[in-house]
Amino acid sequence: MSETYNIKYNRDMHRSYIETSLVAPHLTDEYDFTGAKTVRVSAPLTVPMNDYTRTGANRYGTPTELKDAVQEMTLTQDKSFALTIDKGNSQDKNDTEAFAKKMLSLQLAERAIPEFDKYALDVLSKKAGTIVGSSTALSKTNIVDRITDGTVFLDDAEIAQNGRTLFVNAATYKLLKLADEFTNVDKIANMTLTKGVVGKFDNMTVVKVPKGRWPENVNFIIVQKAAATAPTTIHDAKVHKDPPGISGNLLEGRNYYDCFVIASRAKGVYVDVNTAKAQICAAPTISTSGAISSTTSSCQFKYTIDGSDPRYSTTAVIGSQTSPTSNVTVKAYAYKEGHFDSAVAVKVLE
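Not measured: the values here are computed from a predicted model.

Peer 1: How do you make sense of helix α3 (residues 143–156) when you look at a structure like this?
Peer 2: Over its 14 residues, α3 runs 20 Å from end to end, which matches the ideal 20 Å to within 8%, given 1.5 Å per residue. Those residues of α3 that fall on the buried side of the exposure criterion are Ile-143, Val-144, Arg-146, Ile-147, Gly-150, Thr-151 and Leu-154. In the stretch just after α3, Glu-158 is the one whose phi turns positive, near 60°.

Peer 1: Sorry, what's going on with the pattern of salt bridges here?
Peer 2: Side-chain pairs of opposite charge can arise where the charged atoms are in close proximity. Counted by the stated rule, this structure contains eight salt bridges. Arg-254 serves as the salt-bridge partner of Asp-78, at 2.7 Å between the closest nitrogen and oxygen. With Asp-78 in strand β5 (residues 77–86) and Arg-254 in strand β14 (residues 248–257), this pair connects stretches of sequence that are 176 residues apart. Salt-bridge contacts for Arg-146 lead to Asp-272; the nearest nitrogen and oxygen are separated by 3.1 Å. Here Arg-146 is found in helix α3, whereas its partner Asp-272 is found in strand β16 (residues 269–274), with 126 residues between them in sequence.

Peer 1: What exactly am I supposed to notice about a negative patch on the surface here?
Peer 2: Residues Asp-145, Asp-149, Asp-180 and Glu-181 make up a contiguous surface patch of negative charge. Its place among the elements puts Glu-181 in the loop between α4 (170–177) and β8 (183–184). A residue is classified by how much of its surface remains accessible, and Glu-181, at 46% relative accessible area, is partly exposed.

Criteria and thresholds
- Residues numbered from 1 in each chain as written.
- Predicted model: local features only at pLDDT ≥ 70, side-chain atom pairs only at ≥ 80, totals over all residues.
- Heavy atoms only, no water.
- Helix = DSSP H or I, 4+ residues; strand = E, 2+ residues; numbered from the N terminus.
- Expected span 1.5 Å × (residues − 1).
- Buried < 20%, exposed > 50% of the residue type's maximum accessible area, 1.4 Å probe, protein only.
- Salt bridge = Lys/Arg side-chain N within 4 Å of Asp/Glu carboxyl O.
- Patch = residues over 30% accessible without salt bridge, like charges linked within 9 Å, V, L, I, M, F, W, Y side chains within 5 Å.
- Areas by Shrake-Rupley, 256 points an atom, 1.4 Å probe, with all protein chains shown as cover.
- Lys, Arg positive; Asp, Glu negative; His and termini not counted.
- Charge placed at Lys NZ, Arg CZ, Asp CG, Glu CD.

See below:
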């Protein structure tokens with residue numbers, strides 16, 4: 001007789017993702033699900049300062065109603081697995097659920113978590129608010145300057161210093177260890193070790209990422225926690241005992257997740273790219289007639305006219321010509337297969 005056991009520890013599975021992942025613990029979890037696969041992030045917008053006047057009404061200035069910068073994002077990574085355990089091969093067939101949990105832990109550690117991290121780091125590197133590049137390879141003599149350039153950018157953009165994480169691959173970490181400014185952590189709890197934390201640099205937590213999870217042609221990534229999120233919704237598993245056609249167990253699982261840079265905080269994600277091997281699209285030029293062009297050949301453009309960042313906006317339009325309208329602000333960026341996205345160009349059409 002066929003039986004199905006639902007493994008009822010979705011919360012534990014979610015916790016396993018968060019605690020075991022090298023990336024998820026360093027991103028914000030401040031988001032709300034608005035549907036089965038849609039999340040919303042809201043950030044309150046501040047208002048300009050006024051000159052106080054000592055006479056008349058509204059001496060503090062004309063009141064402006066509080067508004068939020070709202071970003072809705074749709075999860076795209078719907079992953080699953082299926083594994084059969086024949087009775088003839090299972091040494092633990094008398095304890096189906098216990099053995100299923102063992103296999104689930106193994107599946108998470110060897111497949112699900114590395115794939116999750118690889119996807120998240122790829123998104124962070126390609127959708128970063130700031131992407132800089134150099135054809136000069138990192139070395140023990142320039143690595144401190146290159147990373148510090150990133151922290152200076154975040155400082156000048158007034159990105160919070162607390163909650164910053166420096167993600168590096170093994171090669172970059174090897175160079176960083178030779179720098180006097182790097183502080184190795186002598187005593188780290190086992191739980192921290194599983195998260196890849198290997199030290200501190202310039203008040204940032206340093207996380208070393210294995211080669212298989214690291215995005216190609218990226219030297220390092222700096223992320224302030226509030227600037228990106230990796231929402232997850234479905235983590236479930238079930239064991240089918242003696243289903244039709246199988247003498248044994250069928251273990252099935254599903255993971256539904258994604259990773260997003262938050263538009264209003266995008267300057268908190270900074271990426272250094274090796275441009276000797278990969279190119280960054282040149283920022284476009286927007287003419288007074290609304291034509292968009294770039295010195296990078298064969299690239300495409302996305303633009304907005306509602307003030308939103310076209311790299312993250314659902315209102316972004318693909319094209320190289322806007323409809324010229326007076327007093328409209330055009331924001332555009334260039335993208336191309338095999339290249340990193342350009343910076344955003346801004347033009348006010350008068």
